[in-house]
Amino acid sequence: MRWVFFLLILVQVVQAQGCRLLGPLSPLRPVEQVLVYPNFSSLVAGGEQKPGEVLPPGEQVTIETPDRQKLDGRYFAHPAPQAVVLYCHGNAGTVDQWSVLAARLSRQHRLTILVFDYRGYGRSTGIPHERGILIDATAARDWLAKQNQIAPEEVVLMGRSLGGAVAVDLAANGGARGLILESTFPSLPDVARQHAAWLLPEWNMTQRLNSAEKLKQYQGPLLQSHGNEDQLIPLALGEKLFEAAPGPKQFVVVHGASHVDDHIHLCAAERELFFRSLPVPQPKNIIDGRMP
């Protein structure tokens with residue numbers, strides 16, 4: 001009868017903690033997988049090159065993760081960059097679309113920039129999930145730092161929507177020269193609560209991405225922007241995340257912008273001032289790809 005006792009304990013724990021305790025076995029996991037990682041290329045705003053627009057050419061690169069996934073990326077090297085940037089894109093589209101925005105950023109602000117696909121996106125191998133995409137971002141940042149002979153914490157992190165949570169995780173756990181966030185959220189359950197509170201997302205969601213808690217660990221400069229017409233991630237959620245940041249910070253409300261509107265041009269002046277105000281990076285020697 002001992003197994004009955006343990007079964008009763010397990011039932012009580014699941015009732016208290018919800019489906020999130022079950023992880024990949026949760027009945028909500030397939031639904032989350034579709035909603036959080038849809039990979040719809042048609043949802044990428046500004047992802048098409050305009051007629052007559054001249055953008056810097058990008059180099060296709062492959063980045064290998066510690067768990068042997070291969071990530072597709074586009075690398076834009078500027079001859080005289082004022083910053084080296086890792087761009088973490090949203091949950092829709094692939095680098096084939098997001099590289100257009102990365103190229104615009106490179107030209108607009110004199111940046112060396114890398115945009116990459118999470119596992120399961122585009123030509124990247126694997127299946128996307130919370131732990132996996134964070135591993136991917138760390139591998140991409142390390143590749144970019146090594147390529148430019150700087151420490152990983154000297155990379156400027158930029159993230160949009162889902163990618164904002166990815167960038168926050170990197171900044172919280174490894175530091176960053178600067179952090180730029182667009183249209184992002186304090187946590188995935190916070191977003192789900194806006195649209196389906198009856199699902200009790202705080203108890204049941206397995207994908208968490210708790211950026212508000214992680215951001216408390218980042219002391220560096222932050223520039224955050226959010227559209228006041230964003231219906232997917234309401235402005236109030238962006239403000240909630242911003243409140244958690246302890247370091248020097250600026251919040252820009254983009255009036256009239258929805259979730260899919262492109263902030264590349266709408267916040268260009270604020271972004272340029274942000275890059276110019278960043279501390280001068282400290283060059284370090286790299287031996288065999290590792291920081292001494």
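These notes cover the structure that comes with them. (Residues numbered from 1 in each chain as written. Predicted model: local features only at pLDDT ≥ 70, side-chain atom pairs only at ≥ 80, totals over all residues. Heavy atoms only, no water.)

## A word on the overall build of the protein
Counted only if it meets this: Segments assigned H or I by DSSP are reported as helices when at least four residues long, segments assigned E as strands when at least two residues long, and all are numbered from the N terminus. Burial classification: accessible surface area is computed with a 1.4 Å probe over protein chains only, and a residue below 20% of its type maximum counts as buried, one above 50% as exposed, and the rest as partly exposed. Whether two residues touch is decided by their heavy atoms; if any such pair falls within 4.5 Å, the residues are in contact. Residue burial considers only the protein chains on display, and all accessible areas are found by Shrake-Rupley using a 1.4 Å probe.
When its secondary structure is counted, the protein shows eleven helices and eight strands. Counting every position in the protein, which comprises 292 residues, the buried fraction comes to 53%. A separation of at least 24 residues holds for 71% of the contacts in the protein among residues at least 6 apart in sequence. Total accessible area on the protein stands at roughly 14000 Å², and carbon and sulfur atoms take up 57% of it.

## Brief notes about empty space enclosed by the protein
The criterion, for reference: Cavities and pockets were defined on a 1 Å grid built over protein atoms only: a cavity is a set of grid points that admits a 1.4 Å probe from which the probe cannot escape, a pocket is an open set flanked by protein on both sides within 12 Å along at least five of seven lines, and lining residues are those with an atom within 4 Å of any such point. Grid points are joined across faces, edges and corners, and a volume is the space filled by probe spheres set on the points.
The tally for this structure, following the rule as stated, stands at one cavity of 30 Å³ or more. Of the volumes computed, that of the largest cavity is approximately 40 Å³. Forming the walls of the largest cavity are Ile180, Leu181, Glu182, Leu223, Gln224, Ser225, Cys267, Glu270 and Arg271. If you list the elements that add at least two residues to the lining of the largest cavity, you get strand E6 (178-182), strand E7 (222-227) and helix H11 (268-277).

## Some remarks on the environment of Thr94
Considering the arrangement of structural elements, one finds Thr94 in the loop between strand E3 (83-88) and helix H3 (95-109). Accessibility expressed as a relative area gives 10% for Thr94, which makes it buried. For the pair Thr94 and Gly120, spaced 26 residues apart in sequence, the C-alpha to C-alpha distance is 10.0 Å.

## Let's talk about the packing of aromatic side chains
Note the following rule: Side-chain rings of Phe, Tyr and Trp (the six-membered ring for Trp) are treated as a pair once their centres are within 6.5 Å; stacked means planes under 30 degrees apart, edge-to-face means over 60, and tilted covers the remaining angles. Only lysine NZ and arginine CZ atoms are considered, and such an atom sits over a ring when it is within 6 Å of the ring centre and within 35 degrees of the ring normal.
Enumeration over the complete set of coordinates arrives at six aromatic pairs. Taking the centre distance of 5.3 Å and the plane angle of 85° together, the rings of Phe116 and Tyr118 count as edge-to-face. Tyr118 carries the same exposure label as Phe116, and that label is buried. With a centroid separation of 5.7 Å and an interplanar angle of 85°, the aromatic rings of Tyr118 and Tyr121 are classed as edge-to-face. For the pair Tyr118 and Tyr121, one class covers both residues: buried. Site record: aromatic cluster; members linked through ring pairs are Phe116, Tyr118 and Tyr121. It is Lys249 that lies over the ring of Phe242; its NZ or CZ is 4.6 Å from the centre.

## Things to note about the pattern of salt bridges
Just so we agree on the cut-off: Salt bridge, as used here, is a side-chain nitrogen of Lys or Arg placed within 4 Å of a carboxyl oxygen of Asp or Glu.
One pass over the structure, following the stated rule, counts 15 salt bridges. Residues Asp190 and Lys240 are paired through a salt bridge, measuring 3.3 Å at the closest nitrogen-oxygen approach. Of the two residues, Asp190 sits in helix H6 (residues 188-196) while Lys240 sits in helix H9 (residues 235-243), which places them 50 residues apart along the sequence. The salt bridge partner of Glu272 is Arg276, with a shortest N-O separation of 2.9 Å. Here Glu272 pairs with Arg276, and both are found in helix H11, just four residues apart, close to one helical turn. Residues participating in the shared-partner salt-bridge network are Asp72, Arg74, Asp96 and Arg123.

## Looking at helix H4 (residues 130-148)
Our working definition: Expected span of a helix: the number of residues minus one, times 1.5 Å.
Here H4 is 19 residues long and its end C-alpha atoms lie 28 Å apart, about the 27 Å a rise of 1.5 Å per residue gives. Turning to H4, its buried residues are Glu130, Gly132, Ile133, Leu134, Ile135, Asp136, Ala137, Ala139, Ala140, Arg141, Leu144 and Ala145. Of the residues trailing H4, Gln149 is marked for its positive phi of about 55°.

## Re the sheet that holds strand E1 (residues 59-64)
By way of backbone hydrogen bonds, the strands of a sheet pair with one another, either parallel or antiparallel. How we decide: In short, DSSP must find at least two bridges between two strands for them to pair. Each axis is a line fitted through C-alpha atoms, and for a helix only the stretch in contact is used; angles between axes span 0 to 180 degrees, taken between their N-to-C directions.
Here eight strands make up an open sheet; going across it, the order is E1-E2-E4-E3-E5-E6-E7-E8 and the pairing mixed. The open sheet has two edge strands, E1 and strand E8 (249-254), and neither has a second partner. Within the sheet, the average angular offset between the axes of one strand and its neighbour, ignoring direction, is 20°. Packed on one face of the sheet, helix H5 (residues 162-174) meets E3, strand E5 (156-160) and E6 and runs near 150° to E5.

## Let's talk about the nonpolar core
Counted only if it meets this: For the purposes of this section, nonpolar cores are sets of buried Ala, Val, Leu, Ile, Met, Phe, Trp, Tyr and Cys residues that join through side-chain atoms within 4.5 Å.
Counting 47 residues, the largest nonpolar core has Leu86, Leu157 and Leu179 as its most contacted members. Beyond its immediate chain neighbours, meaning those up to four positions away, Leu157 contacts Leu86, Arg141, Ala167, Leu170, Ala171, Gly175, Ala176, Gly178, Leu179 and Ile180. The next biggest cluster of nonpolar side chains, apart from the first, holds 27 residues, and it includes Tyr87, Val100, Val156 and Ala257.

## Here we look at the packing of H4 against H5
Condition: Two helices crossing with the near one rotated counterclockwise from the far one by less than a right angle form a left-handed crossing, whereas a clockwise rotation gives a right-handed crossing. Gly falls in the polar group here, along with every residue not listed as nonpolar (Ala, Val, Leu, Ile, Met, Phe, Trp, Tyr, Cys, Pro) or charged (Asp, Glu, Lys, Arg).
At a minimum axis distance of 10 Å, the contact between H4 and H5 shows a crossing angle of 65°. As H4 runs across H5, the sense of the crossing is right-handed. In contact with Ile133, Leu134, Ala137, Thr138 and Arg141 of H4, H5 contributes Leu162, Val166, Asp169, Leu170 and Gly174. Split into classes, the residues belonging to the contact of H4 with H5 amount to six nonpolar, two polar and two charged.

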